[in-house]
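# Working through the structure, step by step
Given next are the chains, with one letter for each unit.
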Amino acid sequence: MSVDIMKRYSSLLVLLSLFAGWMVFLTGCGGGGSSSTPVQPPEPDDSLYRIVYSTKNFSDYGYAIYAVDENSVVRQHIVSAGSADCCVSRKSVVYSVQTENYAGGNIMELNLFTGNQTLIASGRYEYPQWNKDCTKITFQQSIYGGFRIYVVNSDGTGMKTVDITQFSGYSSQVEWNSAGTSFFLHLTPPDIPIPSSCDYYYKVSLADMSLSPFLTGGNFCYLSFANSVQRAAYAEIEEGNDRFVHIMDEDGGNNSIVPAESIEAFTLQWSPDSRYLIAMGYYPYEGIYRVSADGSSPVNLKPAETGNAYEVIWSPDSTMVLFDDWTNKALYVMDSDGAQLRKINGSIRAVINAAWSQDSQKIAFFNTSDDNNRSIYLVNNDGTGQKKIADTTTESAWVDCIVDRQ
């Protein structure tokens, strides 16, 4: 018999053996000849959204992270985690595994639709954050006397670090420029012993991780970079708590103050298309000011009939603005020019920490009852179709994001 024929004969025997084994399995191998109950495949998941929210009881370590769909089905649940940051383009969240004494843990990425988890960095780390296009992740490590900041690629490779132990204070929020070549840290210099909410900004160049002053010699807050144009904005606080909004080039050039006397910036947020900046004032200088990217034409969009606003969020398509009426516990949506105001939470009392779906069609928000129970509601952007999708009795809870399947 030729070698070729022998190979074919051997292959046929293997196939017959596998087929016989499979038939034995189907008829209940080891089960006395009785047919086994077939394993049912998982129900198909045709949900469109993942609403991600975090909860905390202050007596426990860390947070719990939930991802529920629009039908109230809990799809993912992380029991003990640190802070989480969403990336809608990757359909995932990055988070730190929380251990005792808030010492941090591994950095993980969780896919919200498949449930797959990926280890990004192994160690005792905290506060992971994506850059603008989700190609980089920053996180921090607490060490004796201060912090180190790390940056890695989205797959965990190429780790780099910058030491900021020489500073007396550090805000965990990291801001990236539009090109992703630098990120910016809010730091308190060593000669200022008591950190404040508004200190100095330092620039970290990704190429060599060098640290250099960017905004110093004053009290600076809310540094924010546009997505697609090389523009940045920040607030400067002067004596007497007067706040002035500055718009400038990313490198600090062409710095100008927005010409509006009553803007007392409490938050700054660029529209996703980078055409406008929202500068939101707080009591007693209430206002939601839309400013052009060049710093001109400030317009107060806040309707007179609404109360004090605390949070404002652009829709992902840049056509609408969501804001809360903190005075009356209401949520409103208006067009980007202030037209078509509509209340979206009906008779349900709403709180801050709302989020848009990436298709700009849905909004998730929290309701807090008188006994401090919190529920999550999902509603269309015109206020219709409101439904409760989750309950929680924790002491603190907030919506992180909505991630679309498409």
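The model shown is predicted, which means the values in this text are computed figures rather than measured ones.

## Points about the overall build of the chain
- Of regular secondary structure, the chain possesses one helix and 29 strands.
- Residue burial in the chain is summarised as follows: out of 406 residues, 47% are buried.
- For the chain, the accessible area works out to roughly 19700 Å², and carbon and sulfur atoms hold 51% of it.

## Focus on the environment of K329
- The residue K329 is located in the loop between β22 (320–325) and β23 (330–335) in this model.
- Counting along the chain gives 18 residues from K329 to S347, while the straight-line C-alpha distance between them is 9.8 Å.

## Focus: empty space enclosed by the protein
- Taken as a whole, this structure holds one cavity of 30 Å³ or more when the rule is applied.
- Looking at the largest cavity, its volume works out to about 30 Å³.
- What lines the largest cavity is simply Y127, Q129, T138, F139, Q140, I149, Y170, S172 and V174.
- Of all elements in the fold, only β6 (117–130), β7 (136–143) and β10 (169–176) reach the threshold of two or more residues within the lining of the largest cavity.
- Among the residues making up the lining of the largest cavity, the classes are represented as five nonpolar, four polar and no charged.

## As for the sheet that holds strand β15 (residues 243–249)
- Ordered in space as β10-β11-β12-β13-β14-β15-β16, the seven strands form an open sheet in which the pairing is antiparallel. Of all strands in the sheet, those bounded by a partner on one side alone are β10 and β16 (256–257).
- Examined bridge by bridge, β10 and strand β11 (residues 182–188) share six bridges and lie antiparallel to one another. Among the inter-strand pairings, S171 is bridged to a residue of β11, identified as H186.

## Structural notes on the sheet that holds strand β24 (residues 342–343)
- Pairing in this open sheet of four strands is antiparallel, and the strands run β21-β22-β23-β24 from one edge to the other. For this open sheet the edge positions go to β21 (312–314) and β24, each flanked by a neighbour on one side alone.
- Across three bridges, β21 lies against β22 in antiparallel orientation. By the bridge assignment, W314 is partnered in β22 with V321.

## Notes on the pairing of strand β5 (residues 105–111)
- In terms of burial, β5 is largely enclosed, as five of its seven residues are buried.
- As paired elements, β5 and β6 share five bridges and run antiparallel to each other. Note that in β6 the partner of G105 across the bridge is Y125.
- Counting the residues between successive antiparallel strands, the hairpin from β5 to β6 contains five residues, one of them, G115, with a positive phi of roughly 80°.

Thresholds applied
- Residues numbered from 1 in each chain as written.
- Predicted model: local features only at pLDDT ≥ 70, side-chain atom pairs only at ≥ 80, totals over all residues.
- Heavy atoms only, no water.
- Helix = DSSP H or I, 4+ residues; strand = E, 2+ residues; numbered from the N terminus.
- Buried < 20%, exposed > 50% of the residue type's maximum accessible area, 1.4 Å probe, protein only.
- Areas by Shrake-Rupley, 256 points an atom, 1.4 Å probe, with all protein chains shown as cover.
- 1 Å grid on protein atoms, 1.4 Å probe; cavity = no way out; pocket = protein on both sides within 12 Å on 5 of 7 lines; lining within 4 Å.
- Points joined across faces, edges and corners; volume = space filled by probe spheres on them.
- Nonpolar A, V, L, I, M, F, W, Y, C, P; charged D, E, K, R; others polar.
- Pairing = 2+ DSSP bridges.

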